[in-house]
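Structural characterization, general
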Amino acid sequence: AASPGYYVSTSAATNQTACPFGTYNPNAAATNLSACLNASPGHYVDTAAATSQTACPAGTYNPNNGSTNSTACIDASLGYYVPSAGSANQTAASPGNYVDSTAATNQIACSPGTYQPNSGESYCLHASPGYYVPSSGSANQTAASPGNYVYDIGSTNQTACNPGAYQPYSAQTN
C-alpha cells in the first residue's frame, strides 16, 4: 500500500509516486493522484511527498490553492492585519483603529484626541479645533457643546466658557 504523501495507481507496481509540490496526502493506501490534496488558501506545500500543509504565519495571508512555497504568503498591507496563521485574507482595520506597518498581526486603537472614521487606514486624524475626542478607539470627533469651546487640534476635552461669557453655538474654538 502507498505511504502517506504517495499514491500507487497501477497494480503490481514496484514503486510509489510522490504527491507533487503544492499538494499533500495525509492518508495511506492512496490509489491515484486525486488523493493528493491541493494546499488550502492560507497554506503552502514546499516538498514532494508531503503528508501535511504548512500554514502561512500570522501577519501574512494567501488567497490561492495549491501554493508551492512560502513566497505565496503575502504580507498584510498598510491598514490591514492578519491575526492568526493559515489565513486566506487580510482584515481591514476597523473605524477607530489603524495599522501603520506591513505584516501586522493586530490593529491599534486611535489615541484620545484622535479618531478614524474609515476602515483600512494606516493613521488617525487629530480632532479639529471646535471638536474633541475623549477616549481611545473613536471613529468620530465630538463637537464642543454650547457654553464650551475647543481651541487646539487633537484635544481630549472641551473647555467651559469663563464666567460672564457665553457661547450659544456648538463646535466653537473660543
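Above: the structure in question.
Rules used throughout
- Residues numbered from 1 in each chain as written.
- Predicted model: local features only at pLDDT ≥ 70, side-chain atom pairs only at ≥ 80, totals over all residues.
- Heavy atoms only, no water.
- Disulfide = S-S within 2.5 Å.
- Helix = DSSP H or I, 4+ residues; strand = E, 2+ residues; numbered from the N terminus.
- Buried < 20%, exposed > 50% of the residue type's maximum accessible area, 1.4 Å probe, protein only.
- Polar contact = N/O pair within 3.5 Å; in protein donor to acceptor, adjacent residues only side chain to side chain.
- Contact = heavy atoms within 4.5 Å.

1. Concerning the state of the cysteines
Under the definition given, this model contains three disulfides. Through a disulfide, Cys19 is tied to Cys36; the S-S separation comes to 2.0 Å. With the S-S dihedral at roughly -75°, the linkage between Cys19 and Cys36 falls on the left-handed side. Residue Cys19 is located in the loop between β2 (17-18) and β3 (23-24), and its partner Cys36 is located in the loop between β3 and β4 (37-38); the two are separated by 17 residues in the primary sequence. Grouping residues by exposure puts Cys19 and Cys36 together as buried. Each disulfide pairs two cysteine sulfurs, and for Cys56 the partner residue is Cys73, the sulfurs being separated by 2.1 Å. Taking the sign of the S-S torsion, about -75° here, the bridge from Cys56 to Cys73 comes out left-handed. Of the two residues, Cys56 is situated in the loop between β6 (54-55) and β7 (60-61) and Cys73 in the loop between β7 and β8 (74-75); the sequence distance between them amounts to 17 residues. On the basis of relative accessible area, Cys56 is assigned to the buried category, the value being 0%. Of the residues examined, Cys73 reaches a relative accessible area of 12% and is grouped as buried.

2. Focus: unusual backbone geometry
You will see that Ala29, though not glycine, has its phi angle at about 70°, which is positive. Within the element layout of this structure, Ala29 appears in the loop between β3 and β4. Take Ala29: its relative accessible area is 43%, and that puts it in the partly exposed class. At Ala171, a position not held by glycine, the phi torsion is positive, near 60°. In this structure, Ala171 sits in the segment after β18 (159-160). Residue Ala171 is classed as partly exposed on the basis of its relative accessible area, which comes to 21%.

3. What about the side chain of Asn62?
Within the element layout of this structure, Asn62 appears in the loop between β7 and β8. Within polar-contact distance, the side chain of Asn62 engages the backbone nitrogen of Asn64 at 2.9 Å. When near neighbours in sequence (up to four residues on either side) are disregarded, Asn62 contacts Pro41, Gly42, His43, Cys56, Ser67, Ala72, Cys73, Ser87 and Ala88.

4. A short note on the environment of Ser136
The residue Ser136 is located in the loop between β15 (131-132) and β16 (142-143) in this model. Distance in space between the C-alpha atoms of Ser136 and Thr54 is 37 Å, their sequence separation being 82 residues. Not counting residues within four places of it along the chain, the set of residues in contact with Ser136 comprises Cys110, Ser111 and Pro112.

5. Quick look at the side chain of Thr114
By the secondary structure assignment, Thr114 is in strand β13 (residues 114-115). Among the polar contacts listed, one links the side chain of Thr114 to the backbone oxygen of Ser111, at a separation of 2.7 Å. The residues touching Thr114, leaving out its near neighbours within four places in the chain, are Cys124, Leu125, His126, Ala127, Val133 and Ser138.

Remember that the coordinates give geometry; whether it matters functionally is a separate question.
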